[in-house]
Amino acid sequence: MCGRFALTASPDQTAAILGLAELEAFPARYNIAPTQPVLMALAGPPRAPGSNLPDRQAMLVRWGLIPTWVKDTKEFPLLFNARSEGVLQKASFKTAMRHRRALVPASGFYECQQSGSAKGQPYWIQPRRGGVIAFAGLIETYAEPGGSEMDTGAILTTRANAGTAHIHDRVPVVIEERDFARWLDCRTQEPRDVLDLLKPAEPDFFEAIPVSDLVNKVANTGPEIQERGMVGPHPDRVRRQKPGADENQMTLF
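Scope of this entry: the structure provided in the associated data block. The model shown is predicted, which means the values in this text are computed figures rather than measured ones.

Description of the nonpolar core
And then number 1: If you look at the biggest cluster of nonpolar residues, it comprises 57 residues, and the most contacted ones within it are Phe5, Phe135, Leu156 and Trp183.
And then number 2: Top contributing element to this core by residue count: strand 9 (residues 133–143), with six residues.
And then number 3: Counting eight residues, the second-largest nonpolar core is a separate cluster that includes Ala6, Tyr30, Tyr110 and Val215.

Considerations on the packing of aromatic side chains
And then number 1: Under the counting rule described, the total for this entry stands at eight aromatic pairs.
And then number 2: On the basis of an interplanar angle of 85° and a centroid distance of 5.5 Å, the ring pair of Phe109 and Phe206 is categorised as edge-to-face. With Phe109 in strand 7 (residues 108–115) and Phe206 in strand 12 (residues 206–210), the pair connects residues that are 97 residues apart, well separated along the chain.
And then number 3: An angle of 90° between the planes, with centres 4.9 Å apart, marks the rings of Phe205 and Phe206 as edge-to-face.
And then number 4: Looking at Phe205, the relative accessible area reads 10%, which means it is buried.
And then number 5: Residue classification places Phe206 among the buried residues on the basis of a relative accessible area of 4%.
And then number 6: Among the aromatic residues, ring-to-ring pairing joins Phe5, Trp63, Phe80, Phe109, Phe135, Phe205 and Phe206 into one connected group.

As for the pairing of strand 10 (residues 149–159)
And then number 1: Pairing between strand 4 (residues 56–63) and strand 10: two bridges, direction parallel. Bridge pairing in strand 10 places Arg62 opposite Thr152.
And then number 2: Turn length for the strand 9-strand 10 hairpin, with the two strands adjacent in sequence and antiparallel, is five residues, and the turn residue Gly147 shows positive phi of about 110°.
And then number 3: Taken together, the three bridges between strand 10 and strand 11 (residues 170–172) define a ladder with antiparallel strand orientation. Each bridged residue has a counterpart across the sheet, and for Arg159 the counterpart in strand 11 is Arg170.

A look at the pattern of salt bridges
And then number 1: Inspection of the entire model under this criterion finds four salt bridges.
And then number 2: When the shortest N-O distance is used, the salt bridge between Arg170 and Glu85 registers 2.9 Å. In this pair, Arg170 sits in strand 11 while Glu85 sits in the loop between strand 5 (81–83) and helix 2 (94–99), placing the two residues 85 residues apart along the sequence.
And then number 3: Owing to a relative accessible area of 46%, Glu85 belongs among the partly exposed residues under this scheme.
And then number 4: Across the pair Asp196 and Arg182 runs a salt bridge, and its minimum N-O distance is 2.8 Å. Of this pair, Asp196 sits in the loop between helix 3 (180–184) and strand 12 while Arg182 is found in helix 3, placing the two residues 14 residues apart along the sequence.
And then number 5: Assessed through its relative accessible area of 44%, Asp196 is described here as partly exposed.
And then number 6: In this structure Arg182 comes out as partly exposed when scored by relative accessible area, which is 28%.

What counts, and where the lines are drawn
- Residues numbered from 1 in each chain as written.
- Predicted model: local features only at pLDDT ≥ 70, side-chain atom pairs only at ≥ 80, totals over all residues.
- Heavy atoms only, no water.
- Core = buried A, V, L, I, M, F, W, Y, C linked by side-chain atoms within 4.5 Å.
- Buried < 20%, exposed > 50% of the residue type's maximum accessible area, 1.4 Å probe, protein only.
- Helix = DSSP H or I, 4+ residues; strand = E, 2+ residues; numbered from the N terminus.
- Phe/Tyr/Trp six-rings, centres within 6.5 Å; stacked < 30°, edge-to-face > 60°.
- Pairing = 2+ DSSP bridges.
- Salt bridge = Lys/Arg side-chain N within 4 Å of Asp/Glu carboxyl O.

Written out as structure tokens, the structure reads:
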């Protein structure tokens, strides 16, 4: 799963990778969490004949997809991830998969490795080559009961590759730049036509760097959360643990 990620590239770098005309200025974000606004890119309206403008557009969406048929959002779970293996069958995602596929620019993501009774060890997982990558995303516009609309989205996940499986069994789907157009093309590419893109990255695509548990708190938003560090056991917490409590529960996600 992916419950935290970062986008630290400049707006110009991000726009260039996604094939956008331009992006408004935004700061580096080191600890993006569910329910926060995230940048996504999707196919724009058809271009006029002879136009050389990009055919993609950027959107800010709430990270946590809400299907159009939901009546009470308070009773509905937070869908910030979508398992790619069942995305065509799940009622929550199949409409967005057909009509609103998107790219989510990122510099990398965080994952937490659990080990016995020790506190989970967070990792900052980034592409070895550096730069901006794009996760596969879905967008759904939810009409609230009062009449206002809210754009919401989720990140597609797949099974982990050999390079990250020792940390967690799920990772975000990375869409390669050569496949951007096909993934975003919801006019001529049916969902079944792009299922082949929902696969793990090559085993050596990512590098995983152990970091401290600063990333656990949404309030921590500076670059220090990506500095190398290790999280050790906390004996005091174990002694105070209530009977039946699960110390292996993930604190990150």
